[in-house]
Amino acid sequence: MFLANRNWEDIVRDYESMQIVSTETEESPEQDASTQSVDSSVEQTVCSSDVVNEHVTTQEKMKLKSADNKELASPDETSMQDTVDVKLLDDLINQLTNQKYEKIQSNSFDKEFLKAVPNLRILPPNANTIALQTTIRDRKSPREDFVFDSDRLIRLVIEEGLNHLPSKPKTIETPPGGIYDGVEFLKSNCGVSIVRSGEAMEKALRDCCRAIRIGKILIQSDEDTHLARVVYAKLPDNISLRKVLLLYPIMSTGNTVVKAIKLLKKNGAKEENIILMNLFATPLAIRAIASRFSRLTIQTAEIHPIVPSHFGKKYFGTD
């Protein structure tokens, strides 16, 4: 999402006036106060960052871009674990680069990616999921069909992602009087969507978890360097005690998601408690995220060098 060069206060004020930020009616006043306290500290950090960025020259932007590319090539060793095979990821990326994109079949390298990234989860492909992906990728798809099939695929990914939430055994009595040994999910889970395309996944999450709290992160990418910076954030309170479902359907470079994860961790979220929910991701995006955050779980539907970057505009009818 690209925004004009504007004062960050104006962006936040306009954004709130559009009522994009969700409100939680079930929270108590004390919880609201706690949330606002977190928001205040985040917004102060954003303000400080924005003031610096406003004075970045074109030459400085290119230096930042070079530094960011270097970071992608050599991830921070403190955040990279032996469980992530970065060399195998690089070999896969080179192998895909040497092929013609139009001849790469969907999910053809799933086994290799799953081997390289143990915490990666890919929705099992079948005729149903591939049909949904076909509608989403087809540039001729009517918007009504596009949104309908997108919602279906999102629901499948959300349902699969719920398997990563903590649960406990629960024994109940059935109407005929029998005993059934089942499970129930533990509470204190939350969602965080990356505006704007991430909001397309909120409905499916609420349909599955009616009372779940959902926060927002608005991130702006520089048009020249593609570096991301946080413009606005509203996170659920006590996020350090929660499992966090991070919603973002399309990942090309992974820079936006990396920035969002860093913000979540800065505000107390534990890396192993973050579950990234995604529809389409490039190999480069998987590498950028997995090499930095090896304890994070990635749930996606497809990994492919080409992703439907038109998703957000077409879903919300602004294409």
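Only a predicted model underlies this, so the values are computations on that prediction, with no experimental measurement involved.

Calculation criteria
- Residues numbered from 1 in each chain as written.
- Predicted model: local features only at pLDDT ≥ 70, side-chain atom pairs only at ≥ 80, totals over all residues.
- Heavy atoms only, no water.
- Helix = DSSP H or I, 4+ residues; strand = E, 2+ residues; numbered from the N terminus.
- Buried < 20%, exposed > 50% of the residue type's maximum accessible area, 1.4 Å probe, protein only.
- Contact = heavy atoms within 4.5 Å.
- Axes fitted to C-alpha atoms, helices over the stretch in contact; angles between N-to-C directions.
- Parallel < 35°, antiparallel > 145°, perpendicular 65-115°, else oblique.
- Left-handed = near helix turned anticlockwise from the far one by under 90°.
- Nonpolar A, V, L, I, M, F, W, Y, C, P; charged D, E, K, R; others polar.
- Expected span 1.5 Å × (residues − 1).
- Arc of directions from axis to C-beta.
- Polar contact = N/O pair within 3.5 Å; in protein donor to acceptor, adjacent residues only side chain to side chain.
- Pairing = 2+ DSSP bridges.
- Salt bridge = Lys/Arg side-chain N within 4 Å of Asp/Glu carboxyl O.

This brings us to the environment of Val183. Within the fold, Val183 resides in strand β3 (residues 179-185). Here Val183 falls in the exposed class, since its relative accessible area comes to 62%. Along the primary structure Val183 and Ile172 are separated by 11 residues, whereas in three dimensions their C-alpha atoms are 9.5 Å apart. Among residues more than four places away in sequence, those in contact with Val183 are Ser167, Lys168, Pro169 and Lys170.

Attention now moves to the packing of helix α6 (residues 127-137) against helix α7 (residues 143-161). Where α6 meets α7, the closest approach of the two axes is 9 Å, and the angle between their N-to-C directions is 140°. It follows from the interaxial angle that α6 and α7 lie oblique. Every pair of crossing elements has a handedness; the one defined by α6 and α7 is left-handed. For the pair formed by α6 and α7, the contact residues are Asn128, Thr129, Ala131, Leu132, Gln133, Thr135 and Ile136 on the first element and Asp145, Phe146, Asp149, Ser150, Arg152, Leu153 and Leu156 on the second. Tallied by class, residues from the contact of α6 with α7 come to six nonpolar, five polar and three charged.

Before going further, it helps to spend a moment on helix α4 (residues 86-97). With 12 residues, α4 ought to run about 16 Å at 1.5 Å a step, and its terminal C-alpha atoms sit 16 Å apart, in line with that. Val86, Leu89, Leu92, Ile93 and Leu96 are the residues of α4 that are buried. End-on view of α4: buried residues confined to an arc of 120°, all on one side of the axis. Contacts made by the buried residues of α4 are with α5 (110-116) and α10 (283-290). The N-cap of α4, judged by a side-chain oxygen 3.4 Å from the amide nitrogen of Lys87 a few residues on, is Asp85.

This brings us to the pairing of strand β9 (residues 274-277). Of the two faces of β9, both are covered, the one formed by Ile274 and Leu276 as well as the one formed by Ile275 and Met277. In this structure, β9 lies alongside strand β11 (residues 297-300), joined through three bridges in parallel fashion. Counterpart to Met277 in the pairing with β11 is Gln299.

To continue, consider the pattern of salt bridges. Counting across every chain of the model gives 15 salt bridges. Note that Glu199 is salt-bridged to Lys216, the shortest N-O span being 2.9 Å. Taken together, the residues span a long stretch of sequence, with Glu199 in the loop between β4 (189-195) and α8 (202-208) and Lys216 in strand β5 (residues 213-221) at a distance of 17 residues. In this structure, the salt-bridge partner of Lys265 is Glu271, at a minimum N-O distance of 2.9 Å. Judged by relative accessible area, which is 32%, Lys265 ranks as partly exposed. The buried category is assigned to Glu271, whose relative accessible area is 4%. Overlapping salt bridges bring together Lys265, Glu271, Glu272 and Arg295 as one network.

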